[in-house]
Amino acid sequence: DTVIEDTQPQLSDNLWGRGASIENGSELVMRRVVIRGSYQVGLLLSTSRLEASDLFVEATQRAACAPSCPNGFNGGIGVGAYQGSTATLRNFSIHESASVGLQVDPESGIDAACGLISANGIGINLQGTREEENTVVNSDVRIVGNGREWAGDALPTPTASDIDL
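The text that follows walks through the structure, step by step, so that each part is easy to find. (Residues numbered from 1 in each chain as written. Predicted model: local features only at pLDDT ≥ 70, side-chain atom pairs only at ≥ 80, totals over all residues. Heavy atoms only, no water.)

### Quick notes on the overall build of the protein
The helix and strand inventory of the protein stands at two helices and 13 strands. Taken against the 2.2 N^0.38 rule, which gives 15 Å for 165 residues, the C-alpha radius of gyration of the protein at 14 Å falls within 12% of a compact globule. By principal-axis analysis of the C-alpha atoms, the protein measures approximately 45 × 35 × 35 Å. Burial analysis of the protein (165 residues in total) assigns 50% to the buried set. Across the protein, the fraction of contacts at a sequence separation of at least 24, relative to all contacts at a separation of at least 6, is 56%. A total accessible area of about 7,400 Å² is found for the protein, and carbon and sulfur atoms account for 49% of it. When the 10 basic and 21 acidic side-chain charges of the protein are each reduced to a single mean position, those positions are 4 Å apart. (Helix = DSSP H or I, 4+ residues; strand = E, 2+ residues; numbered from the N terminus. Rg over C-alpha atoms; globule rule 2.2 N^0.38 Å. Buried < 20%, exposed > 50% of the residue type's maximum accessible area, 1.4 Å probe, protein only. Contact = heavy atoms within 4.5 Å. Areas by Shrake-Rupley, 256 points an atom, 1.4 Å probe, with all protein chains shown as cover. Lys, Arg positive; Asp, Glu negative; His and termini not counted. Charge placed at Lys NZ, Arg CZ, Asp CG, Glu CD.)

### Comments concerning the sheet that holds strand 8 (residues 100–104)
On the basis of which strands lie adjacent, the open sheet formed by six strands has the order 2-4-6-8-10-13 and parallel pairing. Each having just a single partner strand, strand 2 (20–23) and strand 13 (148–151) make up the two edges of the open sheet. Here the average twist between neighbouring strands, direction ignored, is 5°. Sheet topology places strand 4 (residues 41–46) next to strand 6 (residues 77–82); five bridges connect them, and they run parallel. Within strand 6, the position partnered with leucine 43 by the bridge is valine 79. (Pairing = 2+ DSSP bridges. Axes fitted to C-alpha atoms, helices over the stretch in contact; angles between N-to-C directions.)

### A word on unusual backbone geometry
Between alanine 66 and the following residue, proline 67, the backbone shows a cis peptide bond with an omega angle of 10°. The phi angle at aspartate 54 is positive, at roughly 55°, despite the residue not being glycine. A positive phi angle is found at alanine 59, which is not glycine, with a value near 55°. Note on placement: alanine 59 falls in the loop between strand 5 (49–58) and strand 6. For alanine 59, a relative accessible area of 25% translates into the label partly exposed.

### Looking at the environment of serine 108
Secondary-structure assignment places serine 108 in the loop between strand 8 and strand 9 (109–118). As for serine 108 and arginine 62, which are separated by 46 residues in sequence, their C-alpha atoms are 22 Å apart. A distance of 3.5 Å separates a polar atom in the side chain of serine 108 from the backbone oxygen of alanine 81. Side-chain polar atoms of serine 108 contact the side chain of aspartate 105, separated by 2.8 Å. (Polar contact = N/O pair within 3.5 Å; in protein donor to acceptor, adjacent residues only side chain to side chain.)

Next comes the structure, spelled out in structure tokens:
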């Protein structure tokens, strides 16, 4: 069991504070993980691959620099897949993200089953024209109690400079 809790932004500019970042071609298998009380993005994937089960991401806040963060990316994202990432999520919960529970950019993909996405500003934000090709959200994923359940809007996603530490 792993718990990542109450990560903090860096003091110099109030950026970061992510729970976990999987980047640069990495592949990770996560089992029985809780990520709670992060800033910007609870679990960020960038040009990487994730297989997760029994994953619980809760209470992701906007970046401490919000609303004036560089490039307009204030975050508040529970799980974000960006820049060609793929993720398989099973038996998961994404709860109380300030902006979006699950965000997928046009180059990335998600296969989600047996999950709950609840009490987020927006439940799921799928962007771009390829979303049907590379995103599967099975009918056993409950998307309830969010400000909006689904959005295809081009909400801000992190640029490469937002992701690199």
